Each structure stands twice: as structure tokens, then as C-alpha cells.
Amino acid sequence: MSPLLPPEVSEVLENSLVAILTVVNEKGLPISHPMLPLFDRETQLLYFTSSILFSKKLQHIKNNPKVSVLFSCREYVRSKNYHIVMLKGDASVMDEDLSTAWTRLLNLWRRKEPYIERYLKQRYAFPLFWERAIIEVRPKTIYVWWRGDLSSEPTIIKMEEAD
Amino acid sequence: MRGPSLLEKFEQFALSFIDEDGYPASIPVIVVSADEQIRLKVPRGFDPRKLEGRTANLIANHITPLPSGGYTDRRYIVFRGRVHLVEGEELQFETLREYGWDEHRTPFPEYIEVSTNRARAYLESLGKKLGETFKPQLGLFWSFFRTVRLPFLLATLAGVLVGGGAAFYRGYFNPVLLLLTFAGLAFIHMGLNLANDYYDTLLGADVVNRRPTPFSGGSRALIYGIVSASEARILFSTFFAAGIGVGIYLALLRGPLEIGLLIVGGIFLSYFYTAPPFKLAYRGLGELAVFTGFGPLIVLGTYFVQSGSLDLTGLMASIPVGILIMLILYVNEIPDAVFDKEAGKKTLVARLSKPGVMTLLAVFLLLVYLFIAFIPILRLGPPTVLAAFTTAPLSLRVFRNVNRNFGNQYAMISSMSLNVKNSVITCFLIAAGYFVGRLVYGVATL
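What counts as what
- Residues numbered from 1 in each chain as written.
- Chains lettered and ligands numbered in written order.
- Predicted model: local features only at pLDDT ≥ 70, side-chain atom pairs only at ≥ 80, totals over all residues.
- Helix = DSSP H or I, 4+ residues; strand = E, 2+ residues; numbered from the N terminus.
- Rg over C-alpha atoms; globule rule 2.2 N^0.38 Å.
- Buried ≥ 20, exposed ≤ 12 C-beta atoms within 10 Å, placed from the backbone.
- Contact = placed C-beta atoms within 7 Å.
- Expected span 1.5 Å × (residues − 1).
- Pairing = 2+ DSSP bridges.
- Axes fitted to C-alpha atoms, helices over the stretch in contact; angles between N-to-C directions.
- Domains from an automatic or database assignment.
- Nonpolar A, V, L, I, M, F, W, Y, C, P; charged D, E, K, R; others polar.
- Parallel < 35°, antiparallel > 145°, perpendicular 65-115°, else oblique.
- Left-handed = near helix turned anticlockwise from the far one by under 90°.
- Arc of directions from axis to C-beta.
- Core = buried A, V, L, I, M, F, W, Y, C linked by C-beta atoms within 7 Å.
- pLDDT = per-residue confidence, 0-100.

Novice: I'd like a description of the overall build of chain A, backed by residues and values.
Specialist: When helices and strands are tallied, chain A shows 5 helices and 8 strands. Helices (α) and strands (β) of chain A occur, in sequence order from the N terminus, as α-β-β-β-β-α-β-β-α-α-β-β-α. Scaling as 2.2 N^0.38, a compact globule of 163 residues should have a C-alpha radius of gyration of about 15 Å, and chain A matches this with 16 Å. Projected onto the principal axes, the alpha-carbon positions of chain A cover approximately 50 × 40 × 30 Å. The buried share of chain A, taken over its 163 residues, is 45%.

Novice: Account for the overall build of chain B, naming residues and giving values.
Specialist: A count of helices and strands for chain B gives 14 helices and 7 strands. The principal-axis extent of the C-alpha atoms belonging to chain B is close to 100 × 50 × 40 Å. Burial statistics for chain B: of 446 residues in total, 47% are counted as buried. In chain B, the proportion of contacts linking residues at least 24 apart, taken out of those at least 6 apart, comes to 69%.

Novice: Describe in detail helix 8 (residues 256-271) of chain B, supporting the description with residues and values.
Specialist: All names here are of chain B. With 16 residues, helix 8 extends 22 Å from end C-alpha to end C-alpha; this agrees with the ideal 22 Å at 1.5 Å per step. Here helix 8 has its buried residues at Ile259, Leu262, Ile263, Gly266, Leu269, Ser270 and Tyr271. Summarising the contacts, the buried residues of helix 8 are in contact with helix 6 (175-202), helix 7 (229-254) and helix 9 (286-307).

Novice: Mind laying out the sheet that holds strand 7 (residues 90-102) of chain B, listing which residues take part and the relevant values?
Specialist: Residues and elements named next belong to chain B. As summarised here, the arrangement of the 7 strands in space is 2-1-5-6-7-4-3, forming an open sheet in which the pairing is antiparallel. Two strands in the sheet have a free side with no partner beyond their single neighbour: strand 2 (24-28) and strand 3 (30-33). The sheet shows a mean angle of 35° between the axes of neighbouring strands, taken without regard to direction.

Novice: Please provide a residue-by-residue account of the domain arrangement of chain B, values included.
Specialist: Domain boundaries in chain B define domain 1 (4-105), domain 2 (107-135) and domain 3 (139-441). Between domain 1 of chain B and domain 3 of chain B, the C-alpha centre-to-centre distance is 54 Å.

Novice: So what about the interface of chain A and chain B? Which residues, and what values?
Specialist: With 49 residues of chain A at the contact, the number on the chain B side is 48 residues. Contributions of two or more residues to the side of chain A that touches chain B are made by strand 1 (19-24), strand 2 (30-35), strand 5 (66-71), strand 6 (84-94) and strand 7 (132-145) of chain A. In the side of chain A that touches chain B, the residues fall into 31 nonpolar, 9 polar and 9 charged.

Novice: Let's hear about the packing of helix 5 (residues 153-169) of chain B against helix 10 (residues 312-342) of chain B: which residues, and what values?
Specialist: Residues and elements named next belong to chain B. Relative orientation of the contacting elements helix 5 and helix 10 amounts to 165°, with a least axis distance of 9 Å. Classified by the interaxial angle, the pair formed by helix 5 and helix 10 is roughly antiparallel. Handedness of the crossing formed by helix 5 with helix 10: right-handed. Contacts between helix 5 and helix 10 pair Ala155, Ala158, Gly159, Val162, Gly163 and Ala166 from the former with Thr313, Gly314, Ala317, Val321, Ile325 and Ile328 from the latter. Class assignment for the residues of the contact of helix 5 with helix 10 results in 8 nonpolar, 4 polar and no charged.

Novice: Account for helix 3 (residues 116-130) of chain B, with residues named and values stated.
Specialist: Residues and elements named next belong to chain B. Helix length check: helix 3, at 15 residues, gives a terminal C-alpha distance of 21 Å against a target of 21 Å (1.5 Å per residue), a fit within 8%. Among the residues making up helix 3, those that are buried are Ala119, Tyr122 and Leu123. Down the axis, helix 3 shows its buried residues gathered within 95° of arc, on one side only. Facing away from the buried side of helix 3, by more than 90 degrees, are the exposed residues Asn117, Ala121 and Lys128. With its phi angle positive at about 65°, Gly131 sits one or two positions after the end of helix 3.

Novice: Tell me about the pairing of strand 4 (residues 45-51) of chain A, and name the residues and values.
Specialist: Burial runs high along strand 4 of chain A: 6 of the 7 residues are buried. Hairpin geometry of strand 3 (residues 38-40) of chain A and strand 4 of chain A is characterised by an intervening segment of 4 residues between the two adjacent antiparallel strands and by a positive phi of about 60° at A:Gln44.

Novice: Tell me about the nonpolar core, residues and numbers included.
Specialist: Counting residues in each nonpolar core, the largest one holds 171 residues, and the members touching the most others are A:Val69, A:Val85, B:Val162 and B:Val321. With 15 residues, the single largest contributor to this core is helix 10 of chain B. When residues no more than four places from it in sequence are discounted, the contact partners of B:Val162 are B:Val299, B:Ala317, B:Val321, B:Cys427, B:Ile430 and B:Ala431.

Novice: Account for the environment of B:Arg149, naming residues and giving values.
Specialist: All names here are of chain B. The residue Arg149 is located in the loop between helix 4 (139-147) and helix 5 in this model. Judged by local crowding, Arg149 falls into the buried class, with 20 C-beta atoms found within 10 Å. Excluding residues that lie within four positions of it along the chain, Arg149 makes contacts with Asn193 and Ser219.

Novice: Tell me what's going on with the confidence of the model for chain B, and back it up with residues and numbers.
Specialist: In this model, chain B carries an average pLDDT of 95, and 99% of its residues clear a pLDDT of 70 or more. Reported confidence for the predicted complex is 0.94 by ipTM and 0.90 by pTM.

Printed below as a string of C-alpha cells:
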């Protein structure tokens, strides 16, 4: 298990509907993608699933695992407490079993998009969309702007030190 | 996108750049203005002076969270460029390139469709790396369902039931032969669907179609990689061979010449519907081919297997069925027309303007009921076939629905669904009319 994140940060990660995942392309430039974040409190790891239809980011992560993820915008975070969180971390792509491996994250996904089951039942309609790789992000450095206040210095948490 | 609309249409703004530690950083930014230049303020913790001249991207994102959970109205824009320090601690973003997605402009199914090649390439490279062949996994049933377009077999079933019903009305009924006829025709229909997909993919008509629907644009089984081209060839050849095999058995049993001719005609229309050199569908003959195949060939063929004769009773029963099944194709061609034109597939719909298509649709629908009315008038069937007139209001709804949704590929899904229902129910009512007629009026003699 990874080191424990502060509970306030876990709350934001668990309840965010969207996060900005930034990867590094082959030219060393940042590329950002809005994605549905899935945080597993047990493993303290952050997950995304990416259809192979939108697979450029997977290749980018394979070439350079350094990523950052931003959780911001009050309306997108469905929890009582709100903080802006940006984390930097190392990502890995799991794509040996594109058809079923990601379904282990379905419980986390369902919590954020309750209608997902309905679409999954029509898997035959969009077969390639449901071939999905898992992106696993291990947080290394976390920046927290408490209560979303950007005019205050962020708290910086180094996860390796906390281990 | 610039100006106030950038600030109105998006709430989440993030600036991403490669930080000093080599990791990308995505920081929340406040967009101060977005008129001619985009001006930003970065949060505390990041020194704007250190960002001077950096290559970065600015993402503007929007979703509308739903009270029941989840979200809708997805859109985002990514601006790629450089940041420059201006007065105070503000940054100016110099945009060099921008891209994005708005689901109201490019509906999600289309967004998926245009990314198909990337997915196929990913599967291929993964396959090479792991020494395996990767395909989208749907399970055997759903792969079969999708590849052969299983629900469309209702069109064959409808024709077989009408042919069987007309023969029953004349006093002939062999349920085993009826089942065998359906099995043989179903094989040929599945061969037709697969050969159609194979050649439409090869000739580009399905490939250029960015807005397929469950009713139009082919099964996409080849495009999505559910079956390979060689597997498709093997499958359609096998289906045709199985259909011919059943046909030969029936021919030996009931009449080699008549059934032989019907098989040759059926296979010719099924294969050359899209296959070169005839490519009937590409020359505006697809509708005639479908009318002939699903009308006279299937209905009359079934009628002949049951009764041993080719006569006006069977022929008359086949005409409304042929028109109704042809209408399924005709309406399904409407959303495809723009892409069919691009691929040089000159279907009847692709050749006509909207008023032309709608006029012809009205004429075809009227002809269906006219021919149904002629069945009892000419004493070629019982008055009970007139039960099919109960779908006239549904036909009217089809016409209005198609007229309303014409030009909107995704809205046309409801029109196509309604049209399929109308065609199949009308055929089933004609068939039921023959069966009930025999029970009410007794066996009819010529």
C-alpha cells in the first residue's frame, strides 16, 4: 500500500467528477486531458481508465511515466469540504487485459457515474470504447490550496517522506 | 475561441508546463481576460517569473454535474503555446494551436467513430508486442449478433410467414419444410449481410461513414476488428454454401427447376448487392434488388416449397412484403446518404433531394396498402389480410417522423426503428390474415 494521503485530500480525490491529467509527449511537452478520476482509499492509488480509442496518452505514459493531476473547480467536487489539489506522480499503464481488467474499478466508477451500467449492457454497440487500459498513478508530491484559496501558499506534501 | 464566451462556457482552467523537477505541473489559473489575448493569474506557490517564455498548454474545461450523479454537456479546449510575463504578476498566453471537443458539436458516437483507426493501431501494436491477436471482446453471442446483424433476419422471417400463410390459405402446410425454408433463407441473408459489410468496407462506403447508427452504416464488424477480412470471406462463403445446400435439398424434394432458379436469383442478388462487378447498391439498383429478393424470391419461394406451384396467389402476397422490406432499406439509407455520396454509392436516396425522398416514401407506403387491398379484391387471398390496414396510422407516423428527423443522423434512429416496426408488423398481419382466413373461410381454390 502507498503512504496514506491526508483525509482531506482523499475526500477531494474520492468525490471529484473530473480531473485534469497531464502527461508528457515525445517532444517533452505537457498534454492535458480531462478525465474521470477513480481513487481507491484502500490502496491509496489513483486510477483512470482510458479507452484504446483515445490511446495517445497511454503511449505517452509508457514513454515517460511522470504525470500530474489537478482537482479543481468547486462544482465538480461533490463533498462537503473543498480544497484544490494538484499531485505529481508516477503512472503506469496496464493493458495486458483490455477487455476485463478495468472492470475491477467498476464500483468506484459507478459511484461517480451511476448510469455507467446501462451503457456497459450495450457493450456490443461500442465495442472499441469498452476495450480499456488502466492508468495507475502513485502520488509523489501533493500541493493543496486549502478551501480553494489560490491567494494562500499551498501545503506541499512529499509522499515518500511520509512513508 | 476567445472573448467572453471562453469565460462563460468554461469554469475550470488549468495551465500545464514541465516543472523544474521534470514532472508536468497542472496549476489552477484565473483567466483575467480572454478578449484578444488570454491573460492569466497563477496561484501562490508558483512564481510567474519562472514561467516566462515557457511552452505550456492551457485547458478550459466544462461539465454540467447531474443531480442524480454523473455529468453531461462535456466540452474542453486545449490551447498550446507560450506564456509571457506582463505587468504585475499576470501572464499572457500566446496561442500557437488549439483543439478540443464539444459533445454538442461532435456527438460522442461520432467522436468514437473518428478515433477507430487509433484503437485498431493500438490493438495491432499491443498484439505484436505480446505475440497475440487482440480483438474487441464481446463474447461469442454478441459478436455473432453484431457481425451477421441478427435482428435483420426478421425481414426474412416476415417473408417466409407470408409465403407460408398464402400456401396455408390454399390448403398446403408443411411445418418442417417451412422451418427448413426459413433456415436456408436465413443462411443466405446472413451471407448477404456479411458480404455487404465486406465489400462496403473494401469499397469505402462504411469507412467514410462517421455517423453509423444501429440501423445504418453497416455492422462495423470489420471496421472494429470483430472479424478480419479473411474471416468475413470464409463466413459469408460458408453461409451462402449452407443456404445453397438447404436449397438443393428442397429443390430435389419439391422442384429442381423452379427452386434452382430462385436460388440462383437469390444468391446473385445477395452477393452482387455490393460485390463487383455489378455492385447493384452502388448503381441505384439496391432497392430493386431488395424488393425482388425479399418479396417475390422469398415469399414466392416459400409458397412454392409449400404448394408446389408458382401462381398469382403467391406473387400477389409477395409484392407488399417486397415493398415493406425495401422500405426498411430506403429509410435506413437516409442517414447514410451523405457518406454514400462521398464513397460513390449512388443509392436511390443519395440521388434524390429531401422532397424527392419524401414523395417516394409516401408513394411506396400507399402502394403497400393498395396491393394489400388488391389481394381480396382479386380473390387471391382472404379479406382478413385487410387487418394489415390497422398499421396505416403507424405508417403515417413513420412518414411524419422521417420528415421531421431528415438530415439529423442520430435523431433518425427513432424514425428507422419506427419504420422497421411498421414494416415487420404489417408483414406479420398479412401473414396472420392468410392463416386466420383459411380457418374462417376454409381452403381457397383457384
